Amino acid sequence: MAEKLVPVVCPWCSVGCRFYAVSANGYIRRIEFDYDHPTIANRGKLCPKGVASYQFINSPKRLKKPLRRVGEKGEGKFEEISWEEAYKIIASKIREIKETYGPEAIAFLGSEKITLEENYLVHKLSKAIGTNHLDFPGRYCQYSNSPARTMVFGSAAATNPFEDIAKAELIVIWGHNPAETAPVLFGQYIEKALDNGAEMVVIDPRSTRGHKYASLHLKPYPGTDLAIALAMLNVVITEELYDKEFVQERTTGFEGLKESVKDYTPEWAEKISGVPAEEIRKVARLIATKRTAFLVNEGMNQHVNGLNTAIAIANLIAITGNIGKEGVWSGVFPGAQCGFCAAMSGIAPNKLPTGKLVTDEAAREELERLWGFPIPDWIGLDLTTMVREIGNKIRMMYIVGGNIAKSMPNSGWVREQLKKLDFLVVQDIFLTETAMYADIVLPAAAWFEKTGTAISAERRVQRTYKAAEAPGEAKPDWLIIVELAKELGLGEYFKYEHPDEVLREINKVIPVFKGATPEYLAEHPEGCFFPCSEPGEGTKILFKNGFKTPDGKAHLQPVDWREPPEMPDEEYPFWLTNFRLVGHWHTGTMSFESPSLQKRWPEEYVMINPKDAKTLGIKSGDLVKVSTRRGSILVRAEVTEHIREGVIAMPWHWQANFLTLDEINEKTKMAELKAVAAKVEKVEE
Ligand code: SF4
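These numbers come from a predicted model, not from an experiment.

A.B. asks: Quick question: what am I supposed to make of the site of the ligand here?
C.D. replies: Around the ligand, the structure places 14 residues, and the nearest of them are C10, C13, C17, C47 and G50. At the level of secondary structure, the elements contributing two or more residues to the shell around the ligand comprise α1 (48-51) and α7 (183-195). Partitioned by chemical class, the residues of the shell around the ligand number 10 nonpolar, 3 polar and 1 charged. Split by domain, the shell around the ligand shows at least three residues from each of two domains, domain 1 (4-58) and domain 3 (142-319).

A.B. asks: Help me understand the sheet that holds strand β2 (residues 18-24) in this model?
C.D. replies: Sheet strands line up and pair through hydrogen bonds in the backbone, either parallel or antiparallel. Spatially, β1-β2-β3 is the arrangement adopted by the 3 strands of the open sheet, whose pairing is antiparallel. The sheet terminates laterally at β1 (4-9) and β3 (27-33), the two strands that pair on one side only. This sheet shows a mean twist of 35° between the axes of neighbouring strands, independent of strand direction. Two strands pair when backbone bridges link them, and β1 and β2 are joined in this way by 6 bridges, in the antiparallel orientation. When the bridges of β2 are listed, V6 appears paired with A21.

A.B. asks: How should I be thinking about the UniProt feature "domain: 4Fe-4S Mo/W bis-MGD-type" (unreviewed entry) in the chain in this particular structure?
C.D. replies: As recorded in UniProt, the feature "domain: 4Fe-4S Mo/W bis-MGD-type" (unreviewed entry) lies at residues 3-61. Its end C-alpha atoms 26 Å apart, residues 3-61 is made of 7% helix and 34% strand.

A.B. asks: In this structure, what is going on with α7? I would like to understand it.
C.D. replies: Helical periodicity: at 3.6 residues per turn, an α-helix aligns residues three or four positions apart in one direction. In a regular helix each residue adds 1.5 Å, so 13 residues correspond to 18 Å; α7 covers 17 Å between its end C-alpha atoms and thus fits that length. Residues of α7 that are buried: P183, V184, L185, F186, Q188, Y189, I190 and A193. Those residues of α7 that are buried lie in contact with β8 (170-174) and α6 (178-181). Positive phi shows up at G197, right after α7, with a value of about 105°.

A.B. asks: Explain the packing of helix α8 (residues 225-238) against helix α11 (residues 266-273) to me, please; I cannot follow it from the model alone.
C.D. replies: Each packed pair of helices is defined by two parameters, the angle between the axes and the distance between the axes. The N-to-C vectors of α8 and α11 enclose an angle of 170°; their axes lie 9 Å apart at closest approach. Comparing the axis directions of α8 and α11 gives the class roughly antiparallel. In this structure, α8 uses A227, I228, L230, A231 and V235 to contact α11, whose residues at the interface are P266, W268, A269, I272 and S273. Among the residues making up the contact of α8 with α11, the classes are represented as 9 nonpolar, 1 polar and no charged.

A.B. asks: Any chance you could explain unusual backbone geometry here in plain terms?
C.D. replies: Leaving glycine out, the prevailing phi sign among residues is negative, and the prevailing peptide bond configuration is trans. The amide bond that connects F530 to the next residue, P531, takes the cis arrangement and shows omega of 0°. Along the chain, P531 falls in the loop between β18 (528-529) and β19 (554-555). Notably, F543 is not glycine yet its phi reads approximately 65°, a positive angle. Inspection of the secondary structure puts F543 in the loop between β18 and β19. Given 20 C-beta atoms within a 10 Å radius, F543 is considered buried. Phi is positive for K669, which is not a glycine, with a value near 65°.

A.B. asks: Please clarify how the nonpolar core should be interpreted in this entry.
C.D. replies: As a rule of thumb, soluble globular proteins bury nonpolar side chains together. Counting 230 residues, the largest nonpolar core has I171, M232 and I648 as its most contacted members. For this core, the leading source of residues is α8, giving 11 residues. Sequence-distant contacts of M232, defined by excluding residues within four places in its chain, comprise I280, V283, A284, I287 and L316.

A.B. asks: Would you explain the environment of T577 in this entry?
C.D. replies: Tracing the chain through its elements places T577 in strand β20 (residues 574-579). Put simply, T577 and V482 are 95 residues apart on the chain and 41 Å apart in space, counted from C-alpha to C-alpha. If near-sequence neighbours (up to four positions away) are discounted, T577 is found in contact with P205, P222, V647, A649, K674 and A675.

A.B. asks: Teacher, can you tell me more about the domain arrangement of the chain here?
C.D. replies: Note: interface size is frequently given as the accessible area lost on complex formation between the parts. Each assigned domain of the chain is listed with its residue range as follows: domain 1 (4-58), domain 2 (69-138 + 337-514), domain 3 (142-319) and domain 4 (574-682). For domain 2 and domain 4, the distance between their C-alpha centroids amounts to 31 Å. Contacts between domain 2 and domain 4 engage 14 residues on the former and 16 residues on the latter. Among the elements of the structure, α17 (383-388), α18 (404-407) and α19 (411-419) are those that each provide at least two residues to the side of domain 2 that touches domain 4. Looking at the side of domain 2 that touches domain 4, the element that brings in the most residues is α19, giving 3 residues. For the side of domain 2 that touches domain 4, a count of residues per class yields 4 nonpolar, 8 polar and 2 charged.

A.B. asks: I would appreciate a short explanation of the sheet that holds strand β13 (residues 396-400) in the present structure.
C.D. replies: The strand order β5-β4-β15-β14-β13-β6-β7 describes an open sheet built from 7 strands, whose pairing is mixed. A strand with exactly one partner marks an edge of an open sheet, and here the two such strands are β5 (78-80) and β7 (134-135). Bridge analysis of strand β4 (residues 67-69) against β5 gives 3 bridges, and the strand direction is antiparallel. Note that in β5 the partner of R69 across the bridge is F78. In this fold helix α2 (residues 83-101) packs onto β6 (106-109), β13, β14 (423-428) and β15 (440-443), with an angle of close to 135° to the strand it touches most, β15. Where helix α3 (residues 116-129) meets the sheet, it contacts β6, β7 and β13, and its direction lies at approximately 170° from that of β6.

Rules used throughout
- Residues numbered from 1 in each chain as written.
- Predicted model: local features only at pLDDT ≥ 70, side-chain atom pairs only at ≥ 80, totals over all residues.
- Near = placed C-beta within 6 Å.
- Helix = DSSP H or I, 4+ residues; strand = E, 2+ residues; numbered from the N terminus.
- Nonpolar A, V, L, I, M, F, W, Y, C, P; charged D, E, K, R; others polar.
- Domains from an automatic or database assignment.
- Pairing = 2+ DSSP bridges.
- Axes fitted to C-alpha atoms, helices over the stretch in contact; angles between N-to-C directions.
- UniProt positions renumbered as here; feature names shortened; annotations may be inferred.
- Expected span 1.5 Å × (residues − 1).
- Buried ≥ 20, exposed ≤ 12 C-beta atoms within 10 Å, placed from the backbone.
- Contact = placed C-beta atoms within 7 Å.
- Parallel < 35°, antiparallel > 145°, perpendicular 65-115°, else oblique.
- Core = buried A, V, L, I, M, F, W, Y, C linked by C-beta atoms within 7 Å.

The structure is reproduced here in structure tokens:
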């Protein structure tokens, strides 16, 4: 059979690279680079994950039929059943739980792994059933930076397209490792900026790939980025380096900010973070005097005090005028290519897909007119609180494409909680660690096996197309939701036969996607930048003339220093942090099933500084036990100068979340994933 070139957006990170899947007879033979469209983000390039991106769909472990649990929860014993039977069981359980406890006993999770259309339908189904308990695992990704930027700028998304990074004079890489987690961004845009003469600064306790390009590498203790950000504000303000015209005309709250940071000197920050005061001063002065791209990510985000850090950084961006013009960049940078698909379809306990709050009566009524059914008006629970409430307020969960038994902090506790659910449905492509606790598992089609819309970290909305047939009886997530809705008697609200029809409804419901029609996206492989009010009218640079706040100004917000919830002590003397590898993705559900990636990146390890290793009598390759107050894991040691003394670090794709902390920030519900107290002991083999 003749080969076809099918355009696909990469299923992994939010750079949103596009390529061709070479498809024949329902199978993908190989990947070909797309050099035909010079305006796509990756300009024809791909990283190792992108090249291997289709391998997992051929794994023999793919789910092919619906499953019903026959063993104990977590044991992994299931029997195959038909789709009809699966839908009947789920629908009757939903009815039973609604009758016994009310719809507020049911919680839904959307996902950063499924398309915009699919997230939208998960949201619509949850509201049609009558619950606002709705969230997605990406809660633990960007929910420091995202609310912080919304508070200061009125909108969280990236200010500029990636191409502006190449035009910056200074690149600040803060708690981010783009050379491994977004390699094409590093090669395509950051390296270009460096070639153009830009300077680069890294702020990270670890030496990440590409750090050698940096003129300065600040190595704070994990969880102390806030002290550095506050001290930088102190320097910029006390040395009067801020952009006075910008502050005067485009911000409010400067005097309050000035007062709030007056005692946060670089010397104060040095005592907390371990970073020499002079280095903090140098970086602050560079930011104030150069057009700066801020690549800030999980190392800053995934902390209980991450909100305050992100607000302080947003303040810094604003007072240095590094926003609303060409040649700068800042924004949220989801780890997954469809983080924005979930966030922008309102997958949150307090949102409507329109972006308005569920408590906004007028907004609810407007959507009720479009959807045709009543929408609950109460604020639901976030993911951590949902899991805490299992067995009390929450009796049933419906999880689409999320692996919370591994991705959530303190995952041993999460698994115990999942056992207490009256009923759990998991819709996924593999029998994940979470699916092992499910009562019913529904086999989903994977990326490459369905058409839909993806949104990248530069706000680029692109279409990805079906290039392969799903195995066995697996179905696309959107179709499963539609068929289940019919079984629930909600079919009149879910009359879709193709994702294009869902996208046309999104064009009407979500204002920022009005112009991202299926027809426009089919004809324009480069997609469009949201907000996209009409086809062909995307917005490349945000905030040129005003911010999204009610008065159009950036609202500077004073914040105070806040210690991480857990600090090293005598019993647990190290800081433990974690990171991502270039060859793996999230909980490994897909990348562990990609042979070329798994072969090259086969196992986890823990990084230990040579001085700490000497004290503990540990050599590279030794088996060690890493423990926190949540539990212990066995892992091989890697003794390396690439981690600072007093800190240990491990990739998070395997077991790291058995050790992290489920304490959350009260406002954002972000947990402590990146800075916990730990100990390391050598294990005799
Ligand atoms: Fe895929 Fe990200 Fe690699 Fe691009 S950089 S090929 S989107 S994993």
